[in-house]
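So you can see what is in the structure, the chains are spelled out below.
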Amino acid sequence: MNILDNGKKVIIVDYGLGNVRSVAKMVRRAQVDYAISSDPNEILNAGRIILPGVGAFGDGICKLKNRGLIEPLNEAVLEKGTPILGICLGMALMASIGEEHGEHEGLGWISGRVKRFDNDSGLRIPHVGWNGIQIVNRNPLFEDIPSAATFYFTHSYVLHNDDPANVTSTCDYGETFTAAVMKNNIFGCQFHPEKSQRNGGVIL
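Our subject in this report is the structure included herewith. (Residues numbered from 1 in each chain as written. Predicted model: local features only at pLDDT ≥ 70, side-chain atom pairs only at ≥ 80, totals over all residues. Heavy atoms only, no water.)

Time to look at the packing of aromatic side chains. Applying the stated rule across the entire model yields six aromatic pairs. Where phenylalanine 117 meets tyrosine 173, the ring centres are 5.7 Å apart and the plane angle is 65°; that geometry is what we call edge-to-face. Taken as a pair, phenylalanine 117 in the loop between strand E7 (110–116) and strand E8 (127–135) and tyrosine 173 in the loop between strand E11 (167–172) and strand E12 (176–183) lie far apart in primary sequence, 56 residues in all. There is no split in this pair, since phenylalanine 117 and tyrosine 173 are both buried. Arranged with centres 6.0 Å apart and planes meeting at 75°, the rings of tryptophan 130 and tyrosine 152 form a pair that is edge-to-face. Here the residue tryptophan 130 occupies a position in strand E8, and tyrosine 152 occupies one in strand E9 (residues 150–155), the gap between them amounting to 22 residues. Owing to a relative accessible area of 21%, tyrosine 152 belongs among the partly exposed residues under this scheme. Through successive ring pairs, a cluster of aromatic residues spans Phe117, Phe151, Phe153, Tyr173, Phe177 and Phe191. (Phe/Tyr/Trp six-rings, centres within 6.5 Å; stacked < 30°, edge-to-face > 60°. Helix = DSSP H or I, 4+ residues; strand = E, 2+ residues; numbered from the N terminus. Buried < 20%, exposed > 50% of the residue type's maximum accessible area, 1.4 Å probe, protein only.)

Set out below in structure tokens:
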């Protein structure tokens, strides 16, 4: 599938909490036409959207609201059907609720709650470093990714999905957690593909 079959750019959303330069570097290697933008009109006219993110759930939603990006994202994703990839915090923000530093309403595209790791595991939190994933539901992002492939993670909170059908891969770190999701045109990954070398490049 040609990612630019509609002749439009990939828009990497800049809302102040994403490592957009690292994502852009990987997208550029794929020779894809892209732009880093917080312009609602560019989001509405995007061919694909990437929503990166590093930081706390509440801060992320607040910054999206303050930049007037929630309505154009909803219109592009839910009404126009523009494919979107959420990365780490970007995926978390797609959930119904986030529990980091209080309870916050998310975008609500994926039914579920973002909760802190189970502290009973005894493992160090945050979860930082390389870890293998288990593909549980195939989807276009993982067509060329072998099961048990490794990716780079750095996070303290995980998405608990209400609908297991939305989960495309899982990872184990004291508990089995959601590593990637898909619902129609909505994709998300808890890991950082832009830091995951070859496998991450395949995803992007």
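This part covers the pattern of salt bridges. Scanning all chains against the criterion turns up two salt bridges. The closest approach of N and O atoms between arginine 113 and glutamate 99, which form a salt bridge, is 2.8 Å. You can see arginine 113 sitting in strand E7 and its partner glutamate 99 sitting in the loop between strand E5 (95–98) and strand E6 (104–105), a full 14 residues away along the chain. Among the residues examined, arginine 113 registers a relative accessible area of 28% and is labelled partly exposed. Across the pair arginine 113 and glutamate 103 runs a salt bridge, and its minimum N-O distance is 2.6 Å. Placement of the pair is arginine 113 in strand E7 and glutamate 103 in the loop between E5 and E6, with a sequence separation of ten residues. One network of salt bridges, with partners in common, ties together Glu99, Glu103 and Arg113. (Salt bridge = Lys/Arg side-chain N within 4 Å of Asp/Glu carboxyl O.)

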